[in-house]
Amino acid sequence: MADSPSGPAAPGGSQTDQADQTDQADQADRPHDRRGIERLLHPRVVAVIGASREPGTVGHEVFRRLLADGFTGTVYPVNAAASHVASVYAYRDVTEVPEPIDLAVIAVPARDVVGVLRACAARGVGAAIVVSAGFADGGDEGRALLAETVRIAREGGLRLVGPNAMGVINTAPSVRMHATFAVGAAPAGRVGVFTQSGALAGSFLADATRRAVGFSTFVSAGDRSDISVNDLLEYWRSDPRTDVIMLHLQSLGNPARFARIARELGQGKPVVALKSGQDSADGGVDALLGGAGVVRVDTLNQLFDAVQLLAHQPLPAGRRVGVVGTSSALATLATDACRTYALDVPVLSAGTHAALAALVGDRYATNPVDLGPLADPDLFDATLRTVATSGEVDAILALVTPHAQENRLGAAIRAVAADTGLPVLANYLGQDGIPAALTVADADSRPARGSVPSYSSPESAALALSRAADHAAWRARGRGRVPSLPGVDLAAARALVERCPADGAWLPEPVVAALLAGVGLRAWPGIRVADPTGALTAAGSLGWPVALKIADERFRSRLDVGAVQLGLSDADELVTAWDAVRAAVGPGDMVVQPMAPSGVSTVVRLRRDPAVGAQLSLRLGGAVADLIADPLARTLPLTDLDADGLIRSIRGSVLLVGGSGAPGADTGALADLLHRLARLAEEVPGIGEVLLDPVLVGRRGVVVLHAGVRLLPADPPGAAGPGGPVRSSP
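Residues numbered from 1 in each chain as written. Predicted model: local features only at pLDDT ≥ 70, side-chain atom pairs only at ≥ 80, totals over all residues. Heavy atoms only, no water.

Hey, could you go over unusual backbone geometry for me, with residue numbers and the actual values?
The residue after Asn367, namely Pro368, is reached through a cis peptide bond having omega 15°. Assignment of secondary structure puts Pro368 in the loop between α13 (350-360) and β16 (369-370). Of the consecutive residues Leu636 and Pro637, the connecting peptide bond is found in the cis state with omega at 5°. Structurally, Pro637 is set in the loop between β26 (632-635) and α22 (640-649). Unusually for a residue other than glycine, Ala86 sits at a positive phi of about 50°. Take Ala86: it is sitting in the loop between β3 (84-85) and β4 (88-89). According to the relative accessible area criterion, Ala86 is partly exposed, its value standing at 30%. (Helix = DSSP H or I, 4+ residues; strand = E, 2+ residues; numbered from the N terminus. Buried < 20%, exposed > 50% of the residue type's maximum accessible area, 1.4 Å probe, protein only.)

Outline the packing of aromatic side chains, supporting the account with residue identities and numerical values.
Summed over the entire model, instances satisfying the criterion amount to five aromatic pairs. With centroids separated by 5.0 Å and ring planes inclined at 90°, the aromatic side chains of Tyr89 and Tyr91 adopt a geometry described as edge-to-face. By relative accessible area, Tyr89 is classed as partly exposed at 48%. Classification of Tyr91 as buried rests on a relative accessible area of 16%. Between Phe215 and Phe218, the aromatic rings sit 5.7 Å apart at their centres with planes inclined by 20°, giving stacked as the arrangement. Members of the aromatic cluster, each reached through a chain of ring pairs, are Phe204, Phe215, Phe218 and Phe304. Between the NZ or CZ atom of Arg710 and the centre of the ring of Trp506, over which it lies, the distance is 5.4 Å. (Phe/Tyr/Trp six-rings, centres within 6.5 Å; stacked < 30°, edge-to-face > 60°. Lys NZ or Arg CZ within 6 Å of the ring centre and 35° of its normal.)

Can you explain the sheet that holds strand β23 (residues 590-594)? Please cite residues and give values.
Strand pairing in a sheet relies on backbone hydrogen bonds, with the paired strands running either antiparallel or parallel. Strand order in the open sheet made by the four strands is β20-β23-β21-β22, with antiparallel pairing throughout. Because the sheet does not close on itself, it has two edges, and the strands there are β20 (527-529) and β22 (564-568). For this sheet, the mean inter-axis angle between neighbouring strands, taken without regard to orientation, is 20°. Note: strand β21 (residues 546-550) against β22, three bridges, orientation antiparallel. Residue Val546 lies in a different strand from β22, and its bridge partner there is Leu568. Across the sheet, helix α20 (residues 571-585) lies against β20, β21, β22 and β23, angled at about 20° from β21, the strand it touches most. (Pairing = 2+ DSSP bridges. Axes fitted to C-alpha atoms, helices over the stretch in contact; angles between N-to-C directions. Contact = heavy atoms within 4.5 Å.)

Purely geometric numbers; function is a separate question.
Here's what the structure looks like:
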């Protein structure tokens, strides 16, 4: 083995496209291996393979950090070219290490990793961290090495972090493991962290110290070839030392499993995520994370802003904010920011106004309350308590400018947070983090639960509070249920799909009809014809009156351009309509259908997105909606709450739910259709897209006027995972 590895993980870690290619663990959905994760995060014996004698090299720094942080187990340096590393006897090969090894940290050149890993598997090593670069970021040769590395790990029953990883930290007093080469210590606390980027891991440690955000466990996964974010979410779900989860994601791996686990986990432990990469602005990412209750942020600062609040203060019961401070300018900024982020700074009741007026005078008895730059600390305390105990606010934002007795003002803020149980946050002297005056210290003098987070600006405080309120509302909404659906039999549909080409082409109508029948759906009858004679024959068999429309999907529903003719009662009207459609859109086959009952035109689409999994979207139909209405989407599984929220949230939903004197449509029938389509996607591999356009939602029932289905190569099996919404028994 070489004396030193090829170098640290490449700056920025693996890119999104690389992660998509190499995230084999998530895509294959390897069953959760609790014992493997335990050996990674709670090892008793660690071997650093490639531990160098040269300070500044990766292997040397990992070994020294394990020693310096007081790892409670045993650390063995392995170096083929040195007898000692940092005055510790070094072994020439992993096979010579005298104890069974729980965790190996591999810091050798990429070309040597396969051999090292093979030796580790033979020794029965439980887990390995590969910090070496040159795999997913190393071209075709690197990707081939990665595939071989993963194969050896799988066959040897060895769980793998990396390659290209910064490493792993566990701050538990019983472990005290810092197995990374990052500069800086990891403050202990109750936040579990996962990041794909190696270089970003160093920033996490620096910001954590500055913000007083303490970590329970920290995993920098790099190329994420085996152990994935989903494995860590499973671990954190039952980890008593973790209260909040903090994620930096470049790709989502197995989105369906992620959504299920995060949805379950988020009911008790908030999950906060920064999603970067080319697809980060995709609405599907918002649908996936929002549906799973994940608090999504846009920047690294916002990530720490949100975690800082969620780790130390309770969730707000609503969106009403009381603002008390020592600066009218800051109070104005805070009020504006609250309104920008959909928080309410309410006008206080007459009783609360009178109580405040007795303290500060009638002129200042408002929300926000400005006590001026020379505010008396006792008055500040009394004012905070009056607003906080009024029952008219759900959170307190305290604003403190430089003051001769600023520590007393801070003590008042901290005391009000402890005494009232409301979430309290501050803009204290323009500082980010938790100043000493706002700290509730634990046994080790670190900020504990109940400490009040401070933000450098009222705007960042308001945004963090808004996201906490969003999460509280999601949690209060409940998990929902995936309803039982009678009339579902998908055995024939699965067999049919296996016989059809998964090439992305639209399937023939008889195949589409059979697939929909498997979930109890059917499209409105129609006959495709090539000439007026065929149209007359079709109308006779279907029954008058009929509709005539061009078969070309570009104009299928375009009443506005004359591609659809409705209410044709006899042969003369049908022939005239034929000529009119020809004149409007040119040649092509047409479709004859019996006239359907009237209803609200909608478009339902199910599409499998490689980045976020299957998405079900809904919008109003028609030419105008095609131009101005962005569809809303939900990811699967689809609960009753998801379906109802989708229907009520689309633009123009009043046409469906009724209001202002307008009758409502049969939204229950529409929700049933959405659930059946979701079941088709969940249980029939290979469904790439289903397009129902239009779906008429009547006063009673729905009518699918056209249905199209495309197949794509199926995802690997096992997308379902534990957790998620409750499914009703069939």
